Structures are given as structure tokens and as C-alpha cells.
Amino acid sequence: MKRLVLKVGSAVLTQNDGVALKRMRALVDFINDLSSLYEVILVSSGAVAAGYTKLPLDRSVIENKQALASIGQPHLIELYSRKFATHGKICSQVLVTAANFQSQEQADRIKNTIDTLIANGVVPIVNENDVTATDELVLGDNDQLSAYTANAVDADMLLILSDIDAYYDADPRNVADAKILKVVHQISEADLSREATPHGDFATGGIVTKLKAADYMLKKGRSMFLSSGFDLSDARSFLLDNDHRGGTLFTKAD
């Protein structure tokens with residue numbers, strides 16, 4: 001069975017300063033459907049938003065964001081647990097930092113834990129330990145973390161579900177006839193060095209962090225698929241029906 005790391009961003013999981021429960025339900029249903037074909041590891045943002053529903057601190061202060069993540073992480077897992085339980089599935093929490101993947105010993109330990117969880121039918125939910133690590137809160141929205149995870153657990157593919165539905169040849173917000181690049185084999189240094197432009201109050205990524213994750217995957221000889229987390233039809237078609245309708249596949253040239 002192929003192994004898939006699925007990353008969902010804050011922009012998808014949050015709505016009106018809270019957790020987007022309907023989108024979370026659609027995500028969990030999708031993961032359940034994927035489980036017949038893939039071993040799925042979920043990398044989930046949303047802890048800060050979940051914490052904000054309990055204690056609305058000023059999110060512009062990094063210490064407050066860390067506190068919100070601390071409050072929100074167990075609440076987020078509780079929400080996931082309830083939704084996975086309707087499919088008879090158990091989920092687990094795996095808290096890591098980017099530094100864990102710089103050590104082969106620690107990366108192997110993470111993989112061994114995730115292998116054990118999957119072997120026992122558990123859905124691992126990975127998130128950065130924001131109380132001790134601030135990079136994700138400031139820069140990456142878990143995009144880079146998901147790429148590190150995919151490589152460490154020997155995943156066949158990384159799927160990023162975002163408010164960005166694909167990689168375009170121009171910014172679709174500013175260029176009316178911007179076209180989707182359906183298959184990308186290489187990313188230019190100019191695109192990788194652009195300034196990140198996140199959407200939404202809780203989002204910290206943007207297309208640049210997705211491209212950096214894709215570039216990392218390509219350099220590791222792995223693939224990544226980017227598509228909408230608001231409308232899962234493109235991801236469903238690609239992963240369940242082998243039909244590439246929308247979204248962008250980043251993969252090495254044959």
C-alpha cells in the first residue's frame with residue numbers, strides 16, 4: 001500500500017476566528033476514503049485557531065501564539081478524535097519540531113512510531129510543537145514540516161490542501177488569464193525567493209512556502225500534489241480515480 005502525507009493548512013481549517021468544523025468533517029471523510037488505498041499521515045495546522053476559540057489573545061505577539069497553540073492543540077485533537085470515531089478509527093498526536101528531522105536518529109524514531117501507529121490502524125496527526133518551536137508560527141504554516149515528515153516516513157507523495165488550489169504561471173489574484181501549471185518538474189530560484197503572502201488571520205504560509213516544500217520533495221526524488229482544501233474534488237479525482245483534473249503535481253521528469 002502506498003504511503004501518503006496529507007497536510008492541511010490553517011486557512012482551510014479556520015473560519016470566523018474558529019475551527020471550520022464542516023471542512024474538518026469533509027477532510028476526515030476524505031482520509032477515511034483514502035485509507036482503502038493509502039497509509040495516510042495527517043499534518044494538521046489549526047492549533048492556534050482552536051486555542052483562540054477558548055481564549056482570544058492578541059495573535060500578533062509570539063508568546064500569545066505559543067500559548068494559544070498550547071491551549072488549542074488538545075482541543076484540535078479532541079475534534080479530530082470525535083470525527084474519526086464515526087468511522088471507527090483512532091487518531092493520535094505526534095508533536096515534533098523541524099530540528100528533530102536534522103538528526104537521523106530522531107527522524108528514525110519518529111518513523112518507527114508512525115510505522116507502529118499505522119500498523120495498528122491508527123491515523124497519526126503530526127503538528128509542530130509550537131510551545132518550543134516558533135519557526136512554523138512565523139514562517140511556514142507546517143508546509144516545510146510536512147515535507148520533512150514525508151521524507152522521514154518514506155512517503156510516496158505529499159498532498160498539500162490549501163486555500164491555493166494550484167500553482168499558476170502568474171498570480172491569479174492579479175492576472176485574469178493566469179493558467180494552472182498542472183505538472184511541474186522544476187521550480188526556479190526566483191519563485192522560491194519571493195516574499196510569502198499568506199491569506200487569512202491564522203495563515204502564515206502562502207504559495208512560496210508550498211513551493212519550498214515542493215522543491216524539497218523534488219530534491220529528495222519524491223512527489224507533491226497541491227490542490228484546494230475548500231473543494232476536495234480535485235484531490236479526490238487525482239488520488240482515488242487517477243484522474244488529474246485540477247491542482248498541480250510536482251514530480252521528477254521521467
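Residues numbered from 1 in each chain as written. Predicted model: local features only at pLDDT ≥ 70, side-chain atom pairs only at ≥ 80, totals over all residues. Heavy atoms only, no water.

A. View of the packing of aromatic side chains. Evaluated as defined, the whole model comprises 5 aromatic pairs. Ring centres of Tyr167 and Phe250 lie 5.9 Å apart, and the angle between their planes is 25°; on these two criteria the pair is classed as stacked. Placement of the pair is Tyr167 in the loop between strand 7 (157-162) and strand 8 (183-184) and Phe250 in strand 10 (residues 248-250), with a sequence separation of 83 residues. A relative accessible area of 6% means that Tyr167 is categorised as buried. For Phe250, a relative accessible area of 0% corresponds to the buried category. Judged by centre distance (4.1 Å) and plane angle (0°), the rings of Phe225 and Phe238 are stacked. A residue pair is termed long-range when its members are at least 10 positions apart, and Phe225 in strand 9 (residues 223-228) and Phe238 in helix 10 (residues 233-241) qualify at 13 residues. Both residues of the pair, Phe225 and Phe238, belong to the buried class. What links up through ring pairs into an aromatic cluster is the set Phe101, Tyr148 and Tyr216. One cation-aromatic arrangement involves Arg59 over Tyr52; the distance from NZ or CZ to the ring centre is 4.4 Å. (Phe/Tyr/Trp six-rings, centres within 6.5 Å; stacked < 30°, edge-to-face > 60°. Helix = DSSP H or I, 4+ residues; strand = E, 2+ residues; numbered from the N terminus. Buried < 20%, exposed > 50% of the residue type's maximum accessible area, 1.4 Å probe, protein only. Lys NZ or Arg CZ within 6 Å of the ring centre and 35° of its normal.)

B. Spotlight on the confidence of the model for the protein chain. Taken residue by residue, the protein chain gives an average pLDDT of 90. The fraction at 70 or more is 91%. The low-confidence segment residues 200-204 (pLDDT under 50) makes 20 contacts with residues lying over four places distant or belonging to another chain. (pLDDT = per-residue confidence, 0-100. Contact = heavy atoms within 4.5 Å.)

C. Seen up close, the environment of Asp171. Here Asp171 lies in the loop between strand 7 and strand 8. As a C-alpha pair, Asp171 and Ala253 span 82 residues in sequence and 25 Å in three-dimensional space. A polar atom in the side chain of Asp171 sits 3.0 Å from the backbone nitrogen of Arg173. (Polar contact = N/O pair within 3.5 Å; in protein donor to acceptor, adjacent residues only side chain to side chain.)

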